[in-house]
Amino acid sequence: MRARRSRAVSLLVTSVVLTGFLIPGAVAQPDGADPAYGPEAVPPAVVDLDEIPAEPPVQLAPTASRELFGADCDTEIEGSRVAAYCHNSYPETDRIRLHVECDRWWDVDGDGAAVAVGPAGRVELAGRCWKEVRSAWVSHERP
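Please read all numbers here as calculations on a predicted model, not as lab measurements.

Chemist: Even after reading the chapter, I still don't get a nonpolar patch on the surface, so can you show me in this structure?
Modeler: A grouping of Val9, Val13, Val17, Leu18 and Phe21 is seen on the molecular surface, where their side chains present a nonpolar patch of about 480 Å² in accessible area. Locating leucine 18 in the fold gives a position in helix α1 (residues 5-27). For leucine 18, a relative accessible area of 47% corresponds to the partly exposed category.

Chemist: How should the nonpolar core be read in this particular structure?
Modeler: One recurring pattern in soluble globular proteins is that nonpolar side chains are buried together. Judged by nonpolar contacts, the single largest core of 14 residues is most densely connected at Val82, Ile96, Leu98, Val100 and Val138. Looking at this core, the elements with two or more residues in it are β2 (81-87), β3 (94-102) and β7 (133-141). Not counting residues up to four positions away in its chain, the partners in contact with isoleucine 96 are Cys86, Ala113, Ala114, Val115, Val117, Val123, Leu125, Val138, Ser139 and His140.

Chemist: Explain the state of the cysteines to me, please; I cannot follow it from the model alone.
Modeler: Linking two cysteines covalently through their sulfur atoms gives a disulfide. Evaluated as defined, the whole model comprises two disulfides. Disulfide pairing is shown between cysteine 102 and cysteine 129; the S-S distance is 2.0 Å. Residues cysteine 102 and cysteine 129 are joined by a disulfide whose S-S torsion is about -90°; by sign, that bridge is left-handed. Residue cysteine 102 is located in strand β3, and its partner cysteine 129 is located in the loop between β6 (122-128) and β7; the two are separated by 27 residues in the primary sequence.

Chemist: Just to check I follow, could you spell out the sheet that holds strand β1 (residues 72-78) for this structure?
Modeler: By way of backbone hydrogen bonds, the strands of a sheet pair with one another, either parallel or antiparallel. Ordered in space as β1-β2-β6, the three strands form an open sheet in which the pairing is antiparallel. Each of the sheet's edge strands pairs with one partner strand only, and the pair in question is β1 and β6. Here the average twist between neighbouring strands, direction ignored, is 15°. Summarising the sheet, β1 and β2 pair through seven bridges and their orientation is antiparallel. The partner of glutamate 76 across the bridge, within β2, is alanine 83.

Chemist: Can you walk me through the environment of glutamate 124 in this structure?
Modeler: With respect to the secondary-structure elements, glutamate 124 resides in strand β6. Residue classification places glutamate 124 among the exposed residues on the basis of a relative accessible area of 52%. Separated by 37 residues in sequence, glutamate 124 and histidine 87 place their C-alpha atoms 9.0 Å apart. Not counting chain neighbours up to four residues away, the residues in contact with glutamate 124 comprise Ala83, Ala84 and Tyr85.

About the criteria used
For every chain, the first residue of the written sequence is number 1, and numbering continues from 1 onward in sequence order. Side-chain atom pairs in this predicted model are given and counted only at pLDDT of 80 or more, local residue features only at pLDDT of at least 70, and totals for whole chains, interfaces and linings cover all residues. Working from all heavy atoms in the structure, the side-chain values ignore hydrogens and water. Only residues whose relative accessible area exceeds 30% and that form no salt bridge are eligible for patches; like-charged ones are grouped when within 9 Å, while nonpolar side chains (Val, Leu, Ile, Met, Phe, Trp, Tyr) are grouped when within 5 Å. Here the Shrake-Rupley method, with its probe set to 1.4 Å, supplies the accessible areas, and only the displayed protein chains count as covering residues. Each reported salt bridge corresponds to a side-chain nitrogen of Lys or Arg within 4 Å of a carboxyl oxygen of Asp or Glu. A run of H or I in DSSP becomes a helix once it reaches four residues, and a run of E becomes a strand once it reaches two; helices and strands are each numbered from the N terminus. Partly exposed describes any residue whose relative accessible area lies between the buried limit of under 20% and the exposed limit of over 50%, with all areas from a 1.4 Å probe on protein chains only and scaled to the type maximum. Side-chain atoms within 4.5 Å link the members of a nonpolar core, which is a set of buried Ala, Val, Leu, Ile, Met, Phe, Trp, Tyr and Cys residues. In this description, contact between two residues means that some pair of their heavy atoms is separated by no more than 4.5 Å. Here, two cysteine sulfur atoms that lie within 2.5 Å of each other are counted as a disulfide. A strand pair is defined by DSSP finding two or more bridges across the two strands. The axes are straight lines fitted to the C-alpha atoms, using for helices just the contacting stretch, and the angles between their N-to-C directions are given from 0 to 180°.

Here it is as structure tokens:
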């Protein structure tokens, strides 16, 4: 998944806003070694080193569902026609379908037949509506 420019800008703006919230708190800290007393004062944390495990917890092996799977598809809508260009770069066969949702209430939506795309395979799927296309997407399933 490629990063979009808007995502990078939103991350930058978020970091600037969070920094703006943190600076006044850092400036308001007293210079003396004694903490402020009152209802806001929190006692220092006490950590018992005997309670900390010597080794980190055991990580479970990744399950089969976390394996990478699925052909990469680009969908193009041009007027009333839809085309999906798919390339499977993974070692497992992917069954893909093109789904087309038409804009008009009387226009019949279409769900294409499943097409098997083998490893390193390419396929082009096509669909259409009578008038405008509202949306189109490709679904993936394991054989």
